[in-house]
Amino acid sequence: MYAEWASKLPHVVAWRSVVPPGRPPTRVLPDGCLDVIWQDGSVFIAGPDTTAQVVGAPFGSTLFALRFADGVGASVLGVPADELTDRRVPLDDLLPPAEARRLAGADDPIPALEAFARRRWQTPDRAMVAVAEEARAGVPVGAIAEQCGLSPRHLQRRCRTAFGYGPKTLARIFRLQTAVSLARRGHPFADVSVAAGYADQAHLSRDVKALAGVPLRELIT
């Protein structure tokens, strides 16, 4: 059972999952986000992924988490996002052990996670929030840099710090998310490729396989 809802914090989604009996490992697609996850009394960081991760947990395992979008998670944790890319890191590797233990021992994890994030909250970098919005809309990277008043090199550096990878990778990941969402709603793959911004259906197939590890049809069945 999985549920998500808007957190009380901007750019943040809260989610909860209870593993049912017999559930096979789940393929988690990259989404440009960073998660702080409480699982069965321990807390870890799921860094921004560049490719899909296949994850599993025992029957009955309970997870509570905050998912940070638009580059806000790295500032909450006080570490550049690219130090966490494609990694799962125990929270006590980044924080004083006593603080991590208090969070791990919380009776009600979501309010505890939100309070933790609120204590460490930094004003979101408006340039990086704008980058995320433009990348989701399919704006070319060169145009994003120009609109944000950043050189391509500066944009690359800022994006790696905020998102864990550069703007081209971020745009590919958002395009993948759009394509999968459209395909799951029943749109023909040829229409998906056009609507999501791929050159053609073959480009869609190659990019989905590269990022997700399996063909699009397998993702949506």
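Being a predicted model, the structure only gives us computed values, none of them experimental.

The rules behind the values
Residues numbered from 1 in each chain as written. Predicted model: local features only at pLDDT ≥ 70, side-chain atom pairs only at ≥ 80, totals over all residues. Heavy atoms only, no water. Salt bridge = Lys/Arg side-chain N within 4 Å of Asp/Glu carboxyl O. Helix = DSSP H or I, 4+ residues; strand = E, 2+ residues; numbered from the N terminus. Axes fitted to C-alpha atoms, helices over the stretch in contact; angles between N-to-C directions. Parallel < 35°, antiparallel > 145°, perpendicular 65-115°, else oblique. Contact = heavy atoms within 4.5 Å. Nonpolar A, V, L, I, M, F, W, Y, C, P; charged D, E, K, R; others polar. Phe/Tyr/Trp six-rings, centres within 6.5 Å; stacked < 30°, edge-to-face > 60°. Buried < 20%, exposed > 50% of the residue type's maximum accessible area, 1.4 Å probe, protein only. Lys NZ or Arg CZ within 6 Å of the ring centre and 35° of its normal.

J.: Would you take a moment to explain the pattern of salt bridges for this structure?
T.: Any two side chains of opposite charge can pair, so long as their charged atoms come close to each other. Using the criterion set out here, one finds 10 salt bridges in the structure. Here Asp-207 ties to Arg-175 by a salt bridge, and the two come within 3.1 Å at their closest N and O atoms. In this pair, Asp-207 sits in helix 9 (residues 201–212) while Arg-175 sits in helix 7 (residues 167–184), placing the two residues 32 residues apart along the sequence.

J.: I keep staring at the packing of helix 4 (residues 126–136) against helix 6 (residues 152–163) and nothing clicks. Help me out?
T.: Close contact between helix 4 and helix 6 brings their axes to 11 Å; oriented N to C, the two are set at 90 degrees. Here helix 4 lies roughly perpendicular to helix 6, going by the angle between them. Together, Ala-127, Met-128, Val-131 and Ala-132 of helix 4 and Leu-155, Arg-158, Cys-159, Ala-162 and Phe-163 of helix 6 make up the contact between the two elements. Looking at the contact of helix 4 with helix 6 residue by residue, the class counts come to 8 nonpolar, no polar and 1 charged.

J.: Is there a simple way to explain the packing of aromatic side chains in this structure?
T.: Under the counting rule described, the total for this entry stands at 2 aromatic pairs. Ring plane angle 40 degrees and centroid distance 5.7 Å describe the contact between Tyr-2 and Trp-15, whose orientation is recorded as tilted. Note that Tyr-2 is positioned in strand 1 (residues 2–6) and Trp-15 in strand 2 (residues 12–18), a separation of 13 residues in sequence. Tyr-2 sits in the partly exposed class, given a relative accessible area of 43%. According to the relative accessible area criterion, Trp-15 is buried, its value standing at 8%. The ring centre of Phe-174 lies 4.6 Å from the NZ or CZ of Arg-136, which sits over that ring.

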